[in-house]
Amino acid sequence: MPKQIDIAKIQSALDDIASRMAGESDRGEVASYIPELSRVPLNQFGIAVAPLNGPPIFAGDADVPFSIQSISKVFALVVALGHVGATLWRRVGREPSGDPFNSIVQLEFERGKPRNPFINPGAIVVSDVILEHESGEFGRHPVLELCRRLADAPDISVDEEVFASEVKTGDRNRALAYFMLAEGNIKGEVKKVTESYFRQCSIAMTCRQLAEATRFLASGGEGPDAEIAGVTPERTRRINALMMTCGCYDASGEVAFRIGLPCKSGVGGGVVAIAPSVGSIVAWSPGLDEKGNSVLALKAIEELAHGLGWSVF
Ligand code: DON
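The rules we used
- Residues numbered from 1 in each chain as written.
- Predicted model: local features only at pLDDT ≥ 70, side-chain atom pairs only at ≥ 80, totals over all residues.
- Heavy atoms only, no water.
- Helix = DSSP H or I, 4+ residues; strand = E, 2+ residues; numbered from the N terminus.
- Rg over C-alpha atoms; globule rule 2.2 N^0.38 Å.
- Buried < 20%, exposed > 50% of the residue type's maximum accessible area, 1.4 Å probe, protein only.
- Phe/Tyr/Trp six-rings, centres within 6.5 Å; stacked < 30°, edge-to-face > 60°.
- Lys NZ or Arg CZ within 6 Å of the ring centre and 35° of its normal.
- Contact = heavy atoms within 4.5 Å.

1. Some remarks on the overall build of the protein
Of the regular secondary structure elements, the protein holds 13 helices and ten strands. Against the globule reference of 20 Å for 313 residues, the protein gives a C-alpha radius of gyration of 18 Å, in line with a compact fold. The principal-axis extent of the C-alpha atoms belonging to the protein is close to 55 × 40 × 35 Å. Taking all 313 residues of the protein together, 57% fall into the buried category.

2. Section: the packing of aromatic side chains
Taken as a whole and judged by the stated rule, the model has two aromatic pairs. Aromatic pair Phe66 and Trp284: ring centres 5.0 Å apart, planes at 5 degrees, arrangement stacked. Highlighted residues: Phe66 in strand E4 (residues 66–67) and Trp284 in strand E9 (residues 279–284), separated in sequence by 218 residues. Of the two residues, Phe66 and Trp284, neither departs from the other in class, the shared state being buried. Just above the ring of Phe163 sits the side chain of Arg199; from NZ or CZ to the centre is 4.2 Å. Over the ring of Phe58 we find Arg208; its NZ or CZ atom is 4.0 Å from the centre of that ring.

3. Quick word on unusual backbone geometry
Of note, the phi angle at Asp152 is positive, near 50 degrees, even though the residue is not glycine. Structurally, Asp152 is set in the loop between helix H5 (142–151) and strand E5 (157–158). Residue class for Asp152 comes out exposed when judged on its relative accessible area of 68%. Unusually for a residue other than glycine, Ser277 sits at a positive phi of about 70 degrees. Among the structural elements, Ser277 can be located in the loop between strand E8 (270–275) and E9.

4. Brief notes about the environment of Gln44
Here Gln44 shows up in the loop between strand E1 (29–30) and strand E2 (46–51). Its relative accessible area of 14% is what places Gln44 among the buried residues. Between the alpha carbons of Gln44 and Ala18 there is a distance of 9.9 Å; along the sequence they are 26 residues apart. Once residues within four sequence positions are removed from consideration, Gln44 is found in contact with Arg27, Asp61, Val64, Trp284, Ser285 and Pro286.

This is the structure we're talking about:
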(Lines give C-alpha, C1' and ligand atoms only; values in the text may rest on other atoms or scores of the structure.)
Protein backbone atom coordinates (compact mmCIF):
# COMPACT_ATOMS: atom_id res chain seq x y z
CA MET A 1 0.00 0.00 0.00
CA PRO A 2 1.47 3.41 -0.96
CA LYS A 3 1.99 5.68 2.05
CA GLN A 4 0.32 9.08 2.15
CA ILE A 5 2.74 11.85 1.20
CA ASP A 6 2.60 15.63 1.47
CA ILE A 7 3.56 16.93 -1.99
CA ALA A 8 3.92 20.57 -0.90
CA LYS A 9 6.26 19.56 1.93
CA ILE A 10 8.43 17.47 -0.42
CA GLN A 11 8.55 20.30 -2.99
CA SER A 12 9.65 22.81 -0.41
CA ALA A 13 12.29 20.39 0.95
CA LEU A 14 13.64 19.87 -2.61
CA ASP A 15 13.69 23.62 -3.35
CA ASP A 16 15.53 24.27 -0.11
CA ILE A 17 18.09 21.51 -0.76
CA ALA A 18 18.66 22.62 -4.38
CA SER A 19 19.31 26.20 -3.36
CA ARG A 20 21.73 25.19 -0.61
CA MET A 21 23.57 22.73 -2.90
CA ALA A 22 24.01 25.51 -5.48
CA GLY A 23 26.11 27.39 -2.90
CA GLU A 24 28.24 24.42 -1.77
CA SER A 25 31.95 24.85 -2.38
CA ASP A 26 33.02 21.26 -1.55
CA ARG A 27 31.68 19.48 -4.64
CA GLY A 28 34.20 16.64 -5.15
CA GLU A 29 35.85 15.96 -8.50
CA VAL A 30 34.42 14.93 -11.86
CA ALA A 31 35.41 11.38 -12.95
CA SER A 32 38.47 11.67 -15.14
CA TYR A 33 39.23 8.04 -16.02
CA ILE A 34 36.51 8.18 -18.69
CA PRO A 35 37.69 11.33 -20.56
CA GLU A 36 34.24 12.28 -21.87
CA LEU A 37 32.85 12.44 -18.31
CA SER A 38 35.56 14.88 -17.24
CA ARG A 39 34.02 17.54 -19.51
CA VAL A 40 30.77 17.75 -17.49
CA PRO A 41 30.57 21.10 -15.61
CA LEU A 42 30.95 20.61 -11.86
CA ASN A 43 28.47 23.29 -10.82
CA GLN A 44 25.30 21.34 -11.59
CA PHE A 45 22.85 19.79 -9.13
CA GLY A 46 19.44 18.23 -9.69
CA ILE A 47 17.01 16.26 -7.56
CA ALA A 48 13.69 14.48 -8.21
CA VAL A 49 11.27 12.33 -6.25
CA ALA A 50 8.89 9.99 -8.11
CA PRO A 51 6.12 9.12 -5.67
CA LEU A 52 4.15 5.91 -6.18
CA ASN A 53 0.96 7.78 -6.80
CA GLY A 54 1.50 11.09 -8.49
CA PRO A 55 3.80 12.92 -10.90
CA PRO A 56 7.48 13.56 -10.11
CA ILE A 57 8.44 16.44 -7.81
CA PHE A 58 11.79 18.05 -8.65
CA ALA A 59 14.19 20.98 -8.26
CA GLY A 60 17.48 22.31 -9.66
CA ASP A 61 18.93 20.71 -12.81
CA ALA A 62 16.45 17.82 -12.73
CA ASP A 63 15.93 17.93 -16.50
CA VAL A 64 19.59 17.86 -17.54
CA PRO A 65 20.59 14.44 -18.95
CA PHE A 66 23.64 12.81 -17.36
CA SER A 67 25.45 9.51 -17.82
CA ILE A 68 23.76 6.92 -15.59
CA GLN A 69 26.89 4.71 -15.53
CA SER A 70 26.68 2.07 -12.79
CA ILE A 71 23.03 2.84 -12.03
CA SER A 72 22.38 0.88 -15.25
CA LYS A 73 23.51 -2.23 -13.33
CA VAL A 74 20.16 -2.26 -11.52
CA PHE A 75 18.18 -2.35 -14.80
CA ALA A 76 20.57 -4.94 -16.25
CA LEU A 77 20.07 -7.14 -13.20
CA VAL A 78 16.30 -6.92 -13.68
CA VAL A 79 16.67 -7.98 -17.34
CA ALA A 80 19.03 -10.88 -16.53
CA LEU A 81 16.85 -12.17 -13.68
CA GLY A 82 13.94 -12.04 -16.09
CA HIS A 83 15.85 -14.43 -18.36
CA VAL A 84 17.47 -16.88 -15.96
CA GLY A 85 15.87 -16.26 -12.55
CA ALA A 86 17.73 -17.45 -9.47
CA THR A 87 20.21 -19.52 -11.52
CA LEU A 88 22.03 -16.20 -12.03
CA TRP A 89 23.43 -16.64 -8.51
CA ARG A 90 25.52 -19.61 -9.66
CA ARG A 91 27.65 -17.12 -11.60
CA VAL A 92 27.46 -13.97 -9.43
CA GLY A 93 27.49 -13.66 -5.63
CA ARG A 94 25.46 -11.49 -3.29
CA GLU A 95 28.08 -10.23 -0.85
CA PRO A 96 29.44 -6.71 -0.52
CA SER A 97 32.96 -6.61 -1.89
CA GLY A 98 34.60 -4.01 0.34
CA ASP A 99 36.81 -3.34 -2.69
CA PRO A 100 36.72 -0.66 -5.40
CA PHE A 101 34.21 -1.32 -8.20
CA ASN A 102 36.87 -2.24 -10.76
CA SER A 103 39.14 -4.32 -8.51
CA ILE A 104 40.74 -7.45 -9.99
CA VAL A 105 42.31 -8.86 -6.79
CA GLN A 106 39.21 -10.48 -5.27
CA LEU A 107 38.19 -12.02 -8.57
CA GLU A 108 41.39 -14.03 -8.68
CA PHE A 109 40.97 -15.34 -5.12
CA GLU A 110 37.39 -16.31 -5.85
CA ARG A 111 38.06 -18.07 -9.16
CA GLY A 112 36.22 -15.70 -11.45
CA LYS A 113 32.91 -15.50 -9.56
CA PRO A 114 32.27 -11.80 -8.84
CA ARG A 115 31.07 -10.89 -5.35
CA ASN A 116 27.89 -9.15 -6.53
CA PRO A 117 26.15 -7.78 -9.66
CA PHE A 118 26.93 -4.14 -8.84
CA ILE A 119 30.71 -4.26 -9.11
CA ASN A 120 32.10 -4.16 -12.65
CA PRO A 121 32.91 -7.90 -13.04
CA GLY A 122 29.44 -8.80 -11.72
CA ALA A 123 27.81 -6.43 -14.18
CA ILE A 124 29.95 -7.86 -17.01
CA VAL A 125 28.67 -11.38 -16.21
CA VAL A 126 25.13 -9.96 -16.16
CA SER A 127 25.75 -8.46 -19.64
CA ASP A 128 26.99 -11.84 -20.83
CA VAL A 129 23.79 -13.50 -19.54
CA ILE A 130 21.66 -10.89 -21.32
CA LEU A 131 23.56 -11.38 -24.59
CA GLU A 132 23.07 -15.15 -24.33
CA HIS A 133 19.33 -14.49 -24.46
CA GLU A 134 19.07 -11.38 -26.64
CA SER A 135 21.47 -10.60 -29.45
CA GLY A 136 21.42 -6.83 -28.95
CA GLU A 137 21.50 -6.47 -32.74
CA PHE A 138 19.63 -3.81 -34.75
CA GLY A 139 20.61 -1.11 -32.20
CA ARG A 140 18.19 -2.43 -29.57
CA HIS A 141 19.73 -2.65 -26.15
CA PRO A 142 17.46 -4.41 -23.64
CA VAL A 143 18.58 -2.13 -20.79
CA LEU A 144 17.86 0.98 -22.86
CA GLU A 145 14.47 -0.44 -23.87
CA LEU A 146 13.59 -1.11 -20.22
CA CYS A 147 14.60 2.42 -19.15
CA ARG A 148 12.47 3.92 -21.93
CA ARG A 149 9.44 1.86 -20.99
CA LEU A 150 9.70 2.45 -17.25
CA ALA A 151 10.19 6.21 -17.64
CA ASP A 152 7.67 6.34 -20.50
CA ALA A 153 10.29 8.31 -22.44
CA PRO A 154 11.12 6.84 -25.88
CA ASP A 155 13.72 9.56 -26.48
CA ILE A 156 16.13 8.27 -23.82
CA SER A 157 19.32 7.32 -25.65
CA VAL A 158 22.94 6.25 -25.39
CA ASP A 159 25.46 9.10 -25.36
CA GLU A 160 27.65 7.89 -28.23
CA GLU A 161 30.61 10.07 -27.21
CA VAL A 162 30.66 8.64 -23.69
CA PHE A 163 30.32 5.16 -25.20
CA ALA A 164 33.30 5.72 -27.53
CA SER A 165 35.30 7.08 -24.60
CA GLU A 166 34.52 3.99 -22.49
CA VAL A 167 35.47 1.62 -25.30
CA LYS A 168 38.74 3.46 -25.75
CA THR A 169 39.71 3.46 -22.09
CA GLY A 170 38.09 0.16 -21.05
CA ASP A 171 41.17 -2.09 -20.78
CA ARG A 172 40.60 -2.78 -17.11
CA ASN A 173 37.04 -3.95 -17.77
CA ARG A 174 38.28 -6.10 -20.68
CA ALA A 175 40.92 -7.55 -18.33
CA LEU A 176 38.18 -8.47 -15.85
CA ALA A 177 36.17 -10.08 -18.64
CA TYR A 178 39.15 -12.05 -20.01
CA PHE A 179 39.96 -13.29 -16.53
CA MET A 180 36.38 -14.54 -16.10
CA LEU A 181 36.50 -16.05 -19.60
CA ALA A 182 39.58 -18.03 -18.53
CA GLU A 183 37.65 -19.22 -15.46
CA GLY A 184 34.65 -20.25 -17.58
CA ASN A 185 32.31 -17.55 -16.23
CA ILE A 186 32.00 -15.61 -19.52
CA LYS A 187 30.43 -17.51 -22.41
CA GLY A 188 30.32 -14.91 -25.17
CA GLU A 189 32.96 -12.83 -26.96
CA VAL A 190 34.72 -10.39 -24.65
CA LYS A 191 34.47 -7.57 -27.19
CA LYS A 192 30.71 -7.97 -27.58
CA VAL A 193 30.05 -8.46 -23.87
CA THR A 194 32.10 -5.46 -22.74
CA GLU A 195 30.66 -3.23 -25.48
CA SER A 196 27.15 -4.16 -24.37
CA TYR A 197 28.19 -3.26 -20.80
CA PHE A 198 29.75 0.07 -21.92
CA ARG A 199 26.62 0.87 -23.91
CA GLN A 200 24.30 0.47 -20.94
CA CYS A 201 26.64 2.60 -18.76
CA SER A 202 26.51 5.36 -21.42
CA ILE A 203 22.72 5.77 -21.32
CA ALA A 204 21.89 9.42 -20.56
CA MET A 205 18.86 10.22 -18.42
CA THR A 206 17.61 13.13 -16.34
CA CYS A 207 16.89 12.97 -12.59
CA ARG A 208 13.20 13.09 -13.39
CA GLN A 209 13.36 10.20 -15.89
CA LEU A 210 15.58 8.09 -13.67
CA ALA A 211 13.30 8.60 -10.67
CA GLU A 212 10.35 7.43 -12.77
CA ALA A 213 12.33 4.47 -14.10
CA THR A 214 13.33 3.26 -10.61
CA ARG A 215 9.96 3.86 -8.92
CA PHE A 216 9.04 0.19 -9.39
CA LEU A 217 11.55 -0.66 -6.65
CA ALA A 218 9.43 1.25 -4.12
CA SER A 219 6.22 -0.49 -5.15
CA GLY A 220 6.62 -3.74 -3.22
CA GLY A 221 6.60 -5.50 -6.58
CA GLU A 222 2.98 -4.64 -7.34
CA GLY A 223 1.28 -2.34 -9.83
CA PRO A 224 1.97 -1.19 -13.39
CA ASP A 225 5.67 -0.28 -12.95
CA ALA A 226 6.44 -3.68 -11.43
CA GLU A 227 4.60 -5.30 -14.30
CA ILE A 228 6.73 -3.45 -16.88
CA ALA A 229 9.90 -4.45 -15.00
CA GLY A 230 8.60 -8.02 -14.67
CA VAL A 231 9.44 -8.17 -10.97
CA THR A 232 7.62 -10.02 -8.18
CA PRO A 233 7.41 -8.74 -4.57
CA GLU A 234 10.18 -11.15 -3.59
CA ARG A 235 12.50 -10.08 -6.43
CA THR A 236 11.88 -6.43 -5.60
CA ARG A 237 12.85 -6.99 -1.94
CA ARG A 238 16.01 -8.77 -3.02
CA ILE A 239 17.13 -6.09 -5.47
CA ASN A 240 16.62 -3.53 -2.71
CA ALA A 241 18.67 -5.69 -0.33
CA LEU A 242 21.51 -5.79 -2.85
CA MET A 243 21.34 -2.03 -3.33
CA MET A 244 21.52 -1.52 0.43
CA THR A 245 24.51 -3.83 0.88
CA CYS A 246 26.41 -3.38 -2.41
CA GLY A 247 24.98 -0.32 -4.23
CA CYS A 248 27.72 2.17 -3.42
CA TYR A 249 30.76 -0.11 -3.67
CA ASP A 250 33.17 0.03 -0.76
CA ALA A 251 31.14 2.90 0.73
CA SER A 252 27.91 0.86 0.93
CA GLY A 253 28.09 0.45 4.71
CA GLU A 254 28.74 4.15 5.20
CA VAL A 255 25.85 5.08 2.88
CA ALA A 256 23.47 2.68 4.72
CA PHE A 257 24.58 4.27 7.99
CA ARG A 258 24.08 7.83 6.74
CA ILE A 259 20.96 7.43 4.59
CA GLY A 260 19.21 4.23 5.70
CA LEU A 261 17.70 3.52 2.28
CA PRO A 262 18.76 1.17 -0.55
CA CYS A 263 20.93 3.28 -2.88
CA LYS A 264 22.77 2.86 -6.18
CA SER A 265 25.39 5.27 -7.44
CA GLY A 266 27.22 5.82 -10.72
CA VAL A 267 30.40 7.69 -11.65
CA GLY A 268 28.32 10.09 -13.75
CA GLY A 269 27.34 11.59 -10.36
CA GLY A 270 23.83 10.16 -10.04
CA VAL A 271 22.49 8.41 -6.93
CA VAL A 272 19.16 6.57 -6.73
CA ALA A 273 17.57 5.89 -3.33
CA ILE A 274 14.43 3.85 -2.71
CA ALA A 275 11.92 4.75 0.00
CA PRO A 276 9.68 1.65 0.08
CA SER A 277 5.93 2.37 -0.23
CA VAL A 278 6.76 6.05 -0.88
CA GLY A 279 8.75 6.36 -4.10
CA SER A 280 12.23 6.77 -5.53
CA ILE A 281 14.64 9.66 -5.12
CA VAL A 282 17.34 10.62 -7.62
CA ALA A 283 19.97 13.27 -6.97
CA TRP A 284 22.74 14.21 -9.37
CA SER A 285 25.86 16.30 -9.19
CA PRO A 286 28.94 15.30 -11.18
CA GLY A 287 31.60 15.81 -8.47
CA LEU A 288 32.65 12.53 -6.83
CA ASP A 289 34.38 11.52 -3.60
CA GLU A 290 37.39 9.17 -3.55
CA LYS A 291 35.12 6.07 -3.69
CA GLY A 292 33.33 7.26 -6.85
CA ASN A 293 30.07 8.45 -5.24
CA SER A 294 28.65 11.93 -5.83
CA VAL A 295 29.42 14.19 -2.87
CA LEU A 296 26.37 16.42 -3.19
CA ALA A 297 23.90 13.75 -4.33
CA LEU A 298 24.62 11.69 -1.19
CA LYS A 299 24.44 14.78 1.00
CA ALA A 300 21.13 15.89 -0.55
CA ILE A 301 19.50 12.45 -0.21
CA GLU A 302 20.71 12.19 3.37
CA GLU A 303 19.15 15.56 4.22
CA LEU A 304 15.89 14.76 2.44
CA ALA A 305 15.51 11.30 4.00
CA HIS A 306 16.22 12.62 7.50
CA GLY A 307 13.98 15.65 7.06
CA LEU A 308 11.04 13.54 5.92
CA GLY A 309 11.70 10.55 8.18
CA TRP A 310 12.26 8.10 5.29
CA SER A 311 14.31 5.07 6.36
CA VAL A 312 13.94 1.32 6.19
CA PHE A 313 15.19 1.02 9.79
O1 DON B 1 32.96 0.50 -16.07
C2 DON B 1 33.15 1.60 -15.58
O3 DON B 1 34.16 1.88 -14.99
C4 DON B 1 32.04 2.64 -15.72
N5 DON B 1 31.40 2.52 -16.99
C6 DON B 1 31.00 2.47 -14.65
C7 DON B 1 31.55 2.54 -13.28
C8 DON B 1 30.70 3.20 -12.29
O9 DON B 1 29.78 3.95 -12.51
C10 DON B 1 31.13 2.96 -10.95
N11 DON B 1 30.40 3.86 -10.10
N12 DON B 1 30.40 4.39 -9.16
